[in-house]
Amino acid sequence: MSGAVVVGGGPVGLVAAILLKRKGFTVTLLERESELGGLMRSLPVIDGFEFDNGTRFVPRLGDVSLDADALAPRENWLEFNQLPSGSFFAGRFQAATGFLDINGLPDRAREAVEVGYFAAGGSGEDSETVDKYLRDRFGAAALDHVLAPALTKITGLAPHELSPGVAGLYGLSRLVMFSPERTRELKTDPVHDARLAFHSRDEGAPSDPSRVFRYPARGGIGLWAQRLEAIAREEGVTIRTGLAAEKVEPGTAGGARLTLTDGSLLDADRLVWSVPGALLLRAAGALPPGPPPRMTSGLALYHAVVDRPFATDLFYITNYDPAFASYRVTLYPNVQGTPMREGQYHLTVEVILNAHRSEAPPSAQIVDELARMGVLAPGTCVLAEAITHARQGFPLPTPGLAAQQKAHGERLAELFPDTLMLGRGQAGAFFLRDALGEVVRALA
């Protein structure tokens, strides 16, 4: 029986380990942290409540059997074809759509953006940086007044330092502009349709029935990661936490030999690497010279329990306003349809840490922002609160990142031709659903 080693115990690594075991491999899963699940873990930081590392939903895995196993028992899971979300920008709360709405801008700035929009009229598809892409797509005024401040808040970098794809990653390839009636009229033209968003999520194309999101009826998203871990253990996957690959060498007959941080050796006929490829090059002593990729510093997460229902029934809100530290707010009772405890309502606020904002703001500031956003009803009191950090930063899409990743991939293919590189940031997958899809296509 062949032996496989999976490095990384997040959802991608867990799914890869299970699928390899079902293909007949003996499998060892390595995870540097003490727990599996990555960002899909839940945090019991306030007694009786489960919080997540920000807004997390379970996508379909693409493997029918494993998907069913991971959601057992099925009655414990809610399913959605659409996730009701809103946005906040320029002091305006837009409850009908998650796209950024410019209509909260002062009149002169809004009019300049609208005039510049018609003067631009391009797609920006041939641009090398996101500032040129957005200027060609929406005009200079939109870039200056709206998009550059939003992107700098999220990434910590100026638009000329970012590649065009970052606009799509953060929902900024379309904007809400004009009146609903004017938008409907303009969107009959494909050129405008590609750049403008409807003022309501209920307009336009119907939700895709194949795009399904799941969330536990009770508890947090970590239940899914725990279920995947239980399946892996039941099927005989050897799980070793608190260990990483310190040194990796090509095996004598293919595969790889790993020296772990505790000094032990592990031989793999099949190696699956679900963490950044640069770490494998470093462990192989083959990381090319050059600057490391620009990274976020992770997330500061403000968790709270309040005494009143929220002033909105949305699942989550994305705050693009650069005057606010809050980025995304998740309202768990709205997702689950009922509070965990009667009269107590819990939420999580994400603050992205980067060069623009390197430390978590005080909790009083976050509570004030929630009230100003219209999330908290007047008179709401905080019953309990906690701040945690998710230190897993991610590479920012700069123009040089794609070229660097391509060069790393070519070098890894030379050194470890039998190694399967999976996970976010590899094989073009940024979102979890795409990364999991790559796993299933490669191993099912």
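See the structure above.
**Student:** I tried to follow the overall build of the chain on my own but got confused; where do I start?
**Tutor:** When helices and strands are counted, the chain shows 14 helices and 20 strands. Across its three principal directions, the C-alpha atoms of the chain cover 70 × 55 × 40 Å. Residue burial in the chain is summarised as follows: out of 444 residues, 51% are buried. Contacts spanning at least 24 positions in sequence make up 68% of the contacts within the chain whose residues lie at least 6 apart. A total of about 19,000 Å² of accessible surface is found on the chain, and carbon and sulfur atoms cover 51% of it. Charge-centre separation for the chain: the mean point of 43 positive side chains lies 1 Å from the mean point of 51 negative side chains.

**Student:** Help me understand helix H3 (residues 107–120), please; the structure alone is not making it clear to me.
**Tutor:** Since there are 3.6 residues in each turn of an α-helix, residues three or four apart along the chain are aligned in direction. For H3, which comprises 14 residues, the first-to-last C-alpha distance of 20 Å matches the rise-based estimate of 20 Å (1.5 Å per residue) to within 8%. For H3, the full list of buried residues reads Ala-109, Arg-110, Val-113, Glu-114, Gly-116 and Tyr-117. Along the long axis of H3, the arc covered by the buried residues comes to 165 degrees, so they all point the same way. Pointing more than 90 degrees away from the buried face of H3 are the exposed residues Asp-107, Arg-108, Val-115 and Ala-119. Tucked into the core, H3 has its buried residues touching helix H4 (130–138), helix H5 (140–155) and helix H8 (190–193). Following H3 by one or two positions, Gly-121 has its phi on the positive side, about 65 degrees.

**Student:** How should I be thinking about the sheet that holds strand S14 (residues 270–273) in this particular structure?
**Tutor:** Hydrogen bonds between backbone atoms are what pair the strands of a sheet, whose relative direction is either parallel or antiparallel. Reading across from one edge, S10-S2-S1-S14-S20 is the order of the five strands in this open sheet, with parallel pairing throughout. In this open sheet, the two edge strands, each paired with only one partner strand, are strand S10 (238–241) and strand S20 (420–421). Across two bridges, the pairing between S14 and S20 is parallel. Within S20, the residue paired with Val-272 across the bridge is Leu-420.

**Student:** I'm lost on the packing of helix H1 (residues 11–22) against helix H9 (residues 222–234) in this one. Help?
**Tutor:** Running from amino to carboxyl end, H1 crosses H9 at an angle of 25 degrees, the nearest separation of the two axes being 9 Å. Taken as axis vectors, H1 and H9 run roughly parallel relative to one another. With respect to the hand of their crossing, H1 and H9 are arranged in left-handed fashion. Facing H1, whose interface residues are Pro-11, Leu-14, Val-15, Ile-18 and Arg-22, H9 presents Trp-224, Ala-225, Leu-228, Glu-229, Ile-231 and Ala-232. Partitioning the contact of H1 with H9 into residue classes produces nine nonpolar, no polar and two charged.

**Student:** Mind showing me how you'd approach the pairing of strand S3 (residues 42–46) here?
**Tutor:** A regular strand places its side chains so that they alternate between the two faces of the sheet. The sheet contact formed by S3 and strand S4 (residues 49–52) spans three bridges and is antiparallel. Residue Leu-43 lies in a different strand from S4, and its bridge partner there is Phe-51.

Criteria and thresholds
- One numbering rule holds for all chains: residues counted from 1, following each sequence as written.
- Where totals are concerned, whole chains, interfaces and linings use all residues; where local detail is concerned, this predicted model gives features only for residues with pLDDT of at least 70, and gives and counts side-chain atom pairs only at 80 or more.
- For the side-chain quantities, the full set of heavy atoms in the structure was used; hydrogens and water were omitted.
- Each helix is a run of DSSP H or I of at least 4 residues and each strand a run of E of at least 2, with the numbering of both proceeding from the N terminus.
- Type-normalised accessible area, obtained with a 1.4 Å probe on protein chains alone, sets the label of each residue: buried when under 20%, exposed when over 50%, and partly exposed for intermediate values.
- Residue contacts are counted whenever heavy atoms from the two residues lie within 4.5 Å of one another.
- Method for areas: the Shrake-Rupley scheme with a 1.4 Å probe, in which residue coverage is limited to the protein chains shown.
- His is not counted here, nor are the chain ends, while Lys and Arg score as positive and Asp and Glu score as negative.
- Just so you know, the charge point we use is NZ for Lys, CZ for Arg, CG for Asp and CD for Glu.
- By definition here, a helix of n residues has an expected span of 1.5 Å times n minus one.
- Think of the arc as the fan of directions from the helix axis to the C-beta atoms.
- A strand pair is defined by DSSP finding two or more bridges across the two strands.
- Helix axes use the C-alpha atoms of the stretch in contact, all axes being lines fitted to C-alpha atoms, and the angles between their N-to-C directions lie in the range 0 to 180 degrees.
- The labels follow the angle: roughly parallel below 35 degrees, roughly antiparallel above 145, roughly perpendicular from 65 to 115, and oblique for the rest.
- Should the near helix be turned counterclockwise from the far one by less than a right angle, the crossing is left-handed, whereas a clockwise turn marks it as right-handed.
- Gly counts as polar in this scheme, as do all residues outside two lists: the nonpolar Ala, Val, Leu, Ile, Met, Phe, Trp, Tyr, Cys and Pro, and the charged Asp, Glu, Lys and Arg.

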